[in-house]
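Descriptive analysis of the structure
Now for the letters of each chain:
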Amino acid sequence: MSFRMHNGEKITLGEANLRRALQYSGTAGFPELIDWLRKLQWEEHQPDCDYDICLGNGSQDLLTKAFDMLIDEGDSILIEKPTYVGALSYLRPLNVKFIEVECDSNGINPKNLADILANWPKDKPYPKILYTVPTGCNPTGMIIPLYRKEQIYELAQKYNFLILEDDPYYYLQFSPHRIPSFFSMDIDGRVLRFDSFSKVISAGMRLGWVSGPRPLIHRIILHSQVVNLHPSGLSQMITYLILTRWGIGGFLAHVDEIATFYQEKRDIFCKSAQKYLNGIAEWNVPNAGLFVWIKLLDINDSTFLIKNKAMFKGVLLIPGHDFYPNSVPTSYVRASFSTATPKEIDEALKLLGEMIRDERNYGEGEYA
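A brief look at the structure comes next. (Residues numbered from 1 in each chain as written. Predicted model: local features only at pLDDT ≥ 70, side-chain atom pairs only at ≥ 80, totals over all residues. Heavy atoms only, no water.)

Examined against the element boundaries, S302 turns out to sit in the loop between β12 (291-296) and α9 (303-312). Here S302 falls in the buried class, since its relative accessible area comes to 0%. With residues near it in sequence (within four places) discarded, S302 still touches L296, P319, G320, T330, S331, Y332 and V333. (Helix = DSSP H or I, 4+ residues; strand = E, 2+ residues; numbered from the N terminus. Buried < 20%, exposed > 50% of the residue type's maximum accessible area, 1.4 Å probe, protein only. Contact = heavy atoms within 4.5 Å.)

Printed below as a string of structure tokens:
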């Protein structure tokens, strides 16, 4: 079994590797792949705590297991506002209380977080976790700068909560130097870091990994043993052969190329947005990831416009309402430039501009 990569290189599994990939394997993942990832984590983050690694069927598989491990019904959790809708969809049935932390163009506001915790009711237990997507956040595209991460980590130490660092867009930063992770500053064993191959190798292989304190990783492994046994052996083997062909340096060069590719797509998106949305919408230019968070001016709730008018016109956007933990009407919408062509981006933003103007002039109603 063999395949060619984008650069033309041929990867061959060979009979022995294929046999192994098609058999049962250890729950945590192939030991040699875990070792490779451990070297990557040291090269990139240089963690200063005792940690372990576990692979899963995408990072969201591991994230939801961490939620199950750490959260009881009725618990309060600290969560950025807005945040990833996939996490919210899993958390809502758990009947948790969302304690929303305000965000701006630099992500979580540490002062707001400090105020929340300083004024926490004395008769209630403090939150056990903070959930954050700190790089290229889905939906806002923001990055939490290093100085804010340091302040947030200090608050985690002071109030004794864990940080769930959901960071699938970490390697899609558009600046020459990546902002260090929460994991890189963890000296207490209070960060669970979730990484993904979906944005840098293949989404369809469904392979991600979590790094963090050994006791917590061990619990996630036990959960996987009784739920899905282990990640796909074929996905692990293919990924391992690609990574060993590249080496750490080759992998880092590869993700730099991907980041450049998406930076160019971001620039195309923002150029079209300036052409069609100037004066009727506002947005921050994202420094990482795949998303742009757009505020529609003079429109209080984007839901009807996006779910009816935009859908009717074939423009795929998500209303901001979906990304708020405690759902409220909002004028924001999330756009993604990941798979659209430059022509599709330009046509979609032109149509969005027309729909915004129509909405401002005539309000809600059937769009034809």
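Here the narrative resumes, following the displayed structure.
On the basis of which strands lie adjacent, the open sheet formed by eight strands has the order β3-β10-β9-β8-β7-β4-β5-β6 and mixed pairing. Each edge of the open sheet carries a strand with a single partner, namely β3 (51-56) and β6 (107-108). Packing of helix α3 (residues 59-70) onto the sheet brings it into contact with β3, β7 (129-132), β8 (162-166), β9 (191-196) and β10 (208-213), and relative to β9 it is tilted by some 160 degrees. Lying on the sheet, helix α6 (residues 146-159) is in contact with β5 (97-104), β6, β7, β8 and β9; it crosses β8 at an angle near 145 degrees. (Pairing = 2+ DSSP bridges. Axes fitted to C-alpha atoms, helices over the stretch in contact; angles between N-to-C directions.)

Attention shifts here to the packing of aromatic side chains. As enumerated under the stated definition, the model contains 16 aromatic pairs in all. When the ring of F67 is compared with that of Y90, the centres are 6.4 Å apart and the planes differ by 20 degrees; the resulting orientation is stacked. One end of the pair, F67, is in helix α3; the other, Y90, is in helix α4 (residues 85-91), and 23 residues separate them in sequence. Ring centres 5.4 Å apart and planes at 50 degrees place the aromatic pair Y126 and Y159 in the tilted group. Taken together, the positions of Y126 in the loop between α5 (110-118) and β7 and Y159 in helix α6 put the pair 33 residues apart, joining distant regions of the chain. Residue Y126 is classed as partly exposed on the basis of its relative accessible area, which comes to 39%. What links up through ring pairs into an aromatic cluster is the set W36, Y170, Y171, W246 and F251. The cationic tip of K149 hangs over the ring face of F182; the distance from NZ or CZ to the ring centre is 5.6 Å. (Phe/Tyr/Trp six-rings, centres within 6.5 Å; stacked < 30°, edge-to-face > 60°. Lys NZ or Arg CZ within 6 Å of the ring centre and 35° of its normal.)

In this model helix α10 (residues 342-362) runs 30 Å from its N-terminal to its C-terminal C-alpha over 21 residues, within 8% of the 30 Å that 1.5 Å per residue would give. Among the residues making up α10, those that are buried are I345, L349, L352, G353, M355, I356 and E359. Here the buried face of α10 lies against α8 (233-277), β12 and α9. (Expected span 1.5 Å × (residues − 1).)

What follows covers the sheet that holds strand β11 (residues 281-283). If you trace the four strands from one edge of the open sheet to the other, you get β11-β12-β14-β13, paired in antiparallel fashion. A single partner strand is all that each edge strand has here, and the edge strands are β11 and β13 (318-319). Sheet topology places β11 next to β12; three bridges connect them, and they run antiparallel. Paired with A281 across the two strands is L296, which belongs to β12.

The subject of this paragraph is the pattern of salt bridges. Opposite charge on two side chains allows them to pair when their charged atoms are near. Enumeration according to the criterion identifies 24 salt bridges in this entry. Its salt-bridge partner being D256, residue R178 comes within 3.1 Å of it at the nearest N-O pair. Pair noted here: R178 is in the loop between β8 and β9 and D256 is in helix α8, with a separation of 78 residues, a long-range link. Judged by relative accessible area, R178 falls into the partly exposed class, the value being 21%. (Salt bridge = Lys/Arg side-chain N within 4 Å of Asp/Glu carboxyl O.)

Before going further, it helps to examine the pairing of β7. The side-chain alternation of β7 yields two buried faces, one formed by I129 and Y131 and the other by L130 and T132. As paired strands, strand β4 (residues 76-81) and β7 are joined by two bridges and run parallel to one another. Note that in β7 the partner of L78 across the bridge is L130. Taken together, the four bridges between β7 and β8 define a ladder with parallel strand orientation. Bridging from a neighbouring strand, Y131 pairs with L164 of β8. A crossover connection joins β7 to the parallel β8 through α6; in handedness this β-α-β unit is right-handed. (Right-handed = clockwise from strand over helix to strand, strands pointing away.)

Everything listed here is a matter of coordinates, which is why it stays silent on function.
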